[in-house]
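What follows is each chain in one-letter form.
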Amino acid sequence: MSTDEATLEPTVLLKVTGLYKKFCKDLTYNMYYGIKDLITYFFGLKPGYSSLRKKEFWALNDINFNIYEGDIVILAGVNGSGKTTLTRMLAGIYETERGTIEYHKKIKKIISVFAIKSGFNSILTGRENIYLKAAYYGMSRKETEANMNFIISFSEIAPYLDTPIGKYSSGMKTRLAMAIVLSIKSDILFIDEGFSFSDSKFKAKCYAFLKEEYYNKGKALIIATHRFEEINDIANRMIVLENGNIINTTRDVTQGIRDYLAN
Ligand SMILES: Nc1ncnc2c1ncn2[C@@H]1O[C@H](COP(=O)(O)OP(=O)(O)OP(=O)(O)O)[C@@H](O)[C@H]1O
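Thresholds, definitions, all that
Residues numbered from 1 in each chain as written. Predicted model: local features only at pLDDT ≥ 70, side-chain atom pairs only at ≥ 80, totals over all residues. Helix = DSSP H or I, 4+ residues; strand = E, 2+ residues; numbered from the N terminus. Rg over C-alpha atoms; globule rule 2.2 N^0.38 Å. Contact = placed C-beta atoms within 7 Å. Pairing = 2+ DSSP bridges. Axes fitted to C-alpha atoms, helices over the stretch in contact; angles between N-to-C directions. Near = placed C-beta within 6 Å. Nonpolar A, V, L, I, M, F, W, Y, C, P; charged D, E, K, R; others polar. Core = buried A, V, L, I, M, F, W, Y, C linked by C-beta atoms within 7 Å. Buried ≥ 20, exposed ≤ 12 C-beta atoms within 10 Å, placed from the backbone. Parallel < 35°, antiparallel > 145°, perpendicular 65-115°, else oblique. Left-handed = near helix turned anticlockwise from the far one by under 90°. Bend = angle between axes of the 7 residues up to and from the residue. pLDDT = per-residue confidence, 0-100.

Novice: Would you mind going over the overall build of the protein chain with me for this structure?
Specialist: When its secondary structure is counted, the protein chain shows nine helices and nine strands. Expected size for 263 residues packed as a compact globule is a radius of gyration near 18 Å; at 20 Å, the protein chain falls within 12% of this value. By principal-axis analysis of the C-alpha atoms, the protein chain measures approximately 55 × 55 × 40 Å. Taking contacts inside the protein chain between residues at least 6 apart in sequence as the whole, the part at least 24 apart equals 75%.

Novice: Quick question: what am I supposed to make of the sheet that holds strand E6 (residues 188-192) here?
Specialist: Two strands in a sheet stick together by hydrogen bonds in their backbones, pointing the same way (parallel) or opposite ways (antiparallel). Strand order in the open sheet formed by six strands is E5-E6-E7-E3-E8-E9, with mixed pairing between adjacent strands. Where the open sheet ends on each side, the last strands, each with one partner, are strand E5 (110-114) and strand E9 (245-250). Going across the sheet, the axis of each strand differs from the next one's by a mean of 15 degrees, ignoring polarity. Alignment of strand E3 (residues 72-76) against strand E7 (residues 220-224), held across four bridges, turns out to be parallel. Counterpart to isoleucine 72 in the pairing with E7 is leucine 221. Where helix H3 (residues 83-90) meets the sheet, it contacts E3, E5, E6, E7 and strand E8 (237-242), and its direction lies at approximately 150 degrees from that of E6. On top of the sheet, helix H9 (residues 253-262) reaches E3, E8 and E9; it is set at about 25 degrees to E8, its chief contact.

Novice: Looking at this structure, how should I read the site of the ligand?
Specialist: Contacts to the ligand come from Phe23, Ala59, Gly77, Asn79, Gly80, Ser81, Gly82, Lys83, Thr84, Thr85 and Glu193. No other element matches H3, which puts three residues into the shell around the ligand. When the residues that make up the shell around the ligand are grouped by side-chain class, the tally is two nonpolar, seven polar and two charged.

Novice: Please explain the nonpolar core as it appears in this structure.
Specialist: As a rule of thumb, soluble globular proteins bury nonpolar side chains together. Val73, Ile74, Leu75, Leu221, Ile223 and Met238 are the most contacted members of the largest nonpolar core, which totals 52 residues. If you tally residues by element for this core, the top one is helix H6 (residues 170-183), at seven residues. With residues near it in sequence (within four places) discarded, isoleucine 74 still touches Ile223, Thr225, Phe228, Ile231, Ala235, Met238 and Val253.

Novice: What is the right way to read the sheet that holds strand E4 (residues 98-103) from this model?
Specialist: The strand order E2-E1-E4 describes an open sheet built from three strands, whose pairing is antiparallel. On the outer flanks of this sheet lie strand E2 (56-68) and E4, each paired with one strand and no other. Averaged over all neighbouring strand pairs, the angle between strand axes comes to 15 degrees, with direction disregarded. With five bridges joining them, strand E1 (residues 12-24) and E4 adopt antiparallel strand pairing. Residue leucine 14 lies in a different strand from E4, and its bridge partner there is tyrosine 103.

Novice: Before we go on, may I ask you to explain the environment of threonine 11 in this structure?
Specialist: Residue position: threonine 11 is located in the loop between helix H1 (3-8) and E1. Separated by 207 residues in sequence, threonine 11 and glycine 218 have C-alpha atoms that sit 8.9 Å apart. The contacts of threonine 11, once residues within four sequence positions are left out, are Tyr68, Glu69 and His104.

Novice: Which parts of the structure should I look at to understand the packing of helix H5 (residues 141-155) against H6?
Specialist: How two helices sit against one another is set out by the angle between their axes and by the gap between those axes. Their axes nearest at 8 Å, the elements H5 and H6 cross at an angle of 140 degrees. Judged by the inter-axis angle, H5 sits oblique to H6. Where H5 crosses over H6, the handedness of that crossing is right-handed. Within the contact between the two elements, H5 uses Asn147, Phe150, Ile151, Phe154 and Ser155 and H6 uses Arg175, Leu176, Ala179, Ile180, Leu182 and Ser183. Looking at the contact of H5 with H6, its residues break down into seven nonpolar, three polar and one charged.

Novice: Looking at this structure, I do not really get H5. What am I missing?
Specialist: Residues that lie three or four places apart on an α-helix share one face, since the helix turns once every 3.6 residues. Of all bends in H5, the biggest is about 50 degrees, found at asparagine 147. Those residues of H5 that fall on the buried side of the exposure criterion are Thr144, Asn147, Ile151, Phe154 and Ser155. Structurally, H5 contributes buried residues whose contacts are with helix H4 (126-136) and H6. Of the residues trailing H5, glutamate 156 is marked for its positive phi of about 60 degrees.

Novice: Got a minute to help me understand the confidence of the model for the protein chain in this structure?
Specialist: One rule of thumb: low pLDDT means the predicted coordinates there are not for detailed reading. Scored by pLDDT, the protein chain comes out at a mean of 90, with 95% of its residues at no less than 70. Long-range and interchain partners of residues 1-5, a stretch whose pLDDT sits below 50, account for one contact in this model, where long-range means more than four residues apart.

Novice: Would you take a moment to explain unusual backbone geometry for this structure?
Specialist: With the exception of glycine, the majority of residues adopt a negative phi angle, and the majority of peptide bonds are in the trans configuration. Not every positive phi belongs to a glycine, and lysine 55 is a case in point at roughly 75 degrees. Tracing the backbone shows lysine 55 in the loop between helix H2 (27-42) and E2. Phi angles above zero are rare outside glycine, and alanine 115 is one such case at about 55 degrees. Topologically, alanine 115 is positioned in the loop between E5 and H4.

Here you go:
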């Protein structure tokens, strides 16, 4: 391969190697293992993560994949297949016990969105909630103020900005929440079953923005969803999970969705 060809390789933003996560199905056993593991840590040892104990199961079982610049990934799988667990591990919410998750050094900000409309306080106004929600995503007051015009104009809720959010319709809350998320310049954005759009014009605006921000600018967006028709137009990759295993990964998203729905 010539040097020119080599430079055409897209940069790996995220490399996942041999990732496992186990959970326990039984609360009593779970508490017992928790105490046992704590004692093990106390004596400076690490609990063994390579085998399953009674009532445990692999929620993620030897997961390996790369995320490249410009990837817009649908993370698919039936209920309980491991999408949320994987998203939480990638976002650093769950500790990595076995396997590695490596981010490229240019990755400075990662945002993970779980239940996009949660976290609003219904007695506070839209404007106050912008500060609240932005703080949840790690934004300072100054950064939020710098993004305020964008949030107001993107969400198109200016006339209601000083109205308590409890008076907003569900769609208005989605608009505001989405505008806050989109105002934050992250290098990788994870969305777990985030939103359902009732307004197709606003949906098209959001997807156009996501494509511009994450595909055209060489960042990455990973969306765990069951609503393929919503994201199909902008996604360029699909990863399918089943019982904690990756059973398909493809760049032919249309065919990937067809195969997924047929099986
Ligand atoms: N904290 C936990 N303790 C025990 N088991 C858990 C825990 N979190 C998830 N699980 C189990 O791990 C498996 C994977 O769950 P996960 O939430 O990742 O699935 P999912 O693909 O996101 O499902 P859905 O489409 O319903 O959101 C399921 O069997 C679930 O019951």
